[in-house]
Amino acid sequence: MTTLPYTVSESDILEKVVELMEQHHIKRLPVTRDGKVVGIVSRANLMREMAHQLRPDMQASAGPDWWIRAEIISALGKQDWAPDVTIQVKNGIVELSGVILNEKERQAIIVATENVPGVKKVHDHLVWVEPMSAMAFPSPEDEKAERVSTP
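The structure displayed is predicted, hence computed values, not measured ones.

1. Considerations on the environment of I68
Stage number 1. Residue placement: I68 occurs in helix α3 (residues 65-77).
Stage number 2. Taking C-alpha positions, I68 is 9.1 Å from T113, a pair spaced 45 residues apart along the chain.
Stage number 3. Not counting residues within four places of it along the chain, the set of residues in contact with I68 comprises G63, V89, G92, V116, P117, G118 and V119.

Written out as C-alpha cells, the structure reads:
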C-alpha cells in the first residue's frame with residue numbers, strides 16, 4: 001500500500017485509466033468524487049468491458065422479472081460472503097430485504113444486483129444487525145423515508 005495512491009475521477013475517460021495502470025503497473029485504481037473514494041476500477045473490470053465490446057453477442061439481454069430475479073440469486077449465490085436476502089422484482093425494479101451482519105455487504109449486494117441486465121432500480125430495505133450488540137439499523141433509504149413521513 002502507498003500513502004499517496006494514484007486515483008481517477010469517476011468522470012475520467014477510459015484511456016486515462018488504462019494509461020495510469022500501464023504506466024505505473026497498477027492492477028486497481030481508487031475512483032474518487034469530490035476527493036472521496038466512491039469505488040475502485042480493476043483490470044478485470046476493463047477486461048470484462050472489452051470482452052463485451054468485442055463480442056456483443058455475448059452480452060446478456062434483459063429478460064422478464066422472473067429471469068432478472070434468477071440472475072440476481074445466481075450472482076449472489078456465487079459469493080461465499082453473501083447472506084440470504086429476499087429479492088422481489090416488478091417491472092425491472094428490485095426490492096432487497098433481509099438481514100445483513102456486515103454493513104459492507106449492503107453495497108456489495110446492491111452492486112451485484114445493479115450489474116444484472118434489466119435492473120432499472122434497486123430499493124434497499126436490508127437491515128444491518130450489529131453482531132456484538134445485536135442492535136438493528138434500517139437501510140439509509142428506509143431511514144430517510146421514515147424521517148420524511150414523520151411529522
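2. Focus on helix α4 (residues 103-114)
Stage number 1. In this model, α4 (12 residues) spans 18 Å end to end at C-alpha, consistent with the 16 Å of a helix rising 1.5 Å per residue.
Stage number 2. Of all the residues in α4, the buried ones are E105, R106, I109, I110, A112 and T113. The arc that holds every buried residue of α4, seen down its axis, measures 165 degrees, which confines them to one face.
Stage number 3. Buried residues along α4 sit in contact with α3, β5 (93-100), β6 (121-129), β7 (136-137) and α5 (140-149).
Stage number 4. The residue sitting at the N-terminus of α4 and contributing the capping side-chain oxygen is N102; that oxygen lies 2.8 Å from the backbone nitrogen of K104.

3. With respect to the environment of Q107
Stage number 1. Summarising the element assignment, Q107 is placed in helix α4.
Stage number 2. In the structure, Q107 is positioned 17 residues away from D124 in sequence and 9.5 Å away in space, judged by C-alpha atoms.

Rules behind the numbers
Residues numbered from 1 in each chain as written. Predicted model: local features only at pLDDT ≥ 70, side-chain atom pairs only at ≥ 80, totals over all residues. Heavy atoms only, no water. Helix = DSSP H or I, 4+ residues; strand = E, 2+ residues; numbered from the N terminus. Contact = heavy atoms within 4.5 Å. Expected span 1.5 Å × (residues − 1). Buried < 20%, exposed > 50% of the residue type's maximum accessible area, 1.4 Å probe, protein only. Arc of directions from axis to C-beta. Polar contact = N/O pair within 3.5 Å; in protein donor to acceptor, adjacent residues only side chain to side chain.

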